[in-house]
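Secondary and tertiary structure notes
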Amino acid sequence: MASTSRKSPEPQATETPEQPNPAVISTREYDAGEGWQVGQKAPADAYRALSDNGSGQVTGPVLDHHPGGYARQIITKGAVVTEGVRRELDAAEAEGEQG
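Bear in mind the structure is a predicted one, so any value in this text is a computation, not a measurement.

Description of the overall build of the protein
- Secondary structure assignment for the protein yields one helix and three strands.
- Listing the helices and strands of the protein from first to last along the sequence gives β-β-β-α.
- Across the 99 residues of the protein, 16% fall into the buried class.
- Sequence-distant contacts in the protein: of pairs separated by 6 or more residues, those separated by 24 or more amount to 45%.
- In the structure as shown, the protein presents an accessible area of about 8,400 Å², 50% of it carried by carbon and sulfur atoms.

Examining the side chain of arginine 86
- Inspection of the secondary structure puts arginine 86 in helix H1 (residues 83–98).
- Non-local contacts of arginine 86, meaning those with residues more than four positions away in its chain, are made with Trp36, Gln37, Val38 and Val81.

Observations regarding the nonpolar core
- Listed in full, the seven residues of the largest apolar core are Ala42, Ala46, Ile74, Ile75, Val81, Val85 and Leu89.
- For leucine 89, the contacting residues outside a window of four places in its chain are Trp36, Val62 and Ile74.

Focus on the pairing of strand S1 (residues 46–50)
- In terms of residue burial, S1 counts as a mostly covered element, since five of its five residues are buried.
- Two strands pair when backbone bridges link them, and S1 and strand S3 (residues 71–75) are joined in this way by four bridges, in the antiparallel orientation. Looking at S3, one finds that arginine 48 is bridged to arginine 72.
- Bridging between S1 and strand S2 (residues 58–63) involves three bridges; their strand directions are antiparallel. Within S2, the position partnered with alanine 49 by the bridge is threonine 59.

Each value, and the rule that gives it
Residues numbered from 1 in each chain as written. Predicted model: local features only at pLDDT ≥ 70, side-chain atom pairs only at ≥ 80, totals over all residues. Heavy atoms only, no water. Helix = DSSP H or I, 4+ residues; strand = E, 2+ residues; numbered from the N terminus. Buried < 20%, exposed > 50% of the residue type's maximum accessible area, 1.4 Å probe, protein only. Contact = heavy atoms within 4.5 Å. Areas by Shrake-Rupley, 256 points an atom, 1.4 Å probe, with all protein chains shown as cover. Core = buried A, V, L, I, M, F, W, Y, C linked by side-chain atoms within 4.5 Å. Pairing = 2+ DSSP bridges.

Here it is, written out as structure tokens:
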């Protein structure tokens, strides 16, 4: 005797509007503005002079213009301040307090 299988009817698709998944909705991103904190955009260029003896050691304060001679540019105006840039700025400030 052949067995017959009974299939259950497939559910009918209903016309309901799709609700947004809250986990997928992107959050708003706000501009951090200008400043010297991590994530902000630098309000000016930042340079440090390098020693004249060729050792490559930084000397002097942080300047917003090229000091002439040998110098290292830390960041350019409008670039996002990173943790590394912030560390270098803090180190320059600490050296200024000691000297």
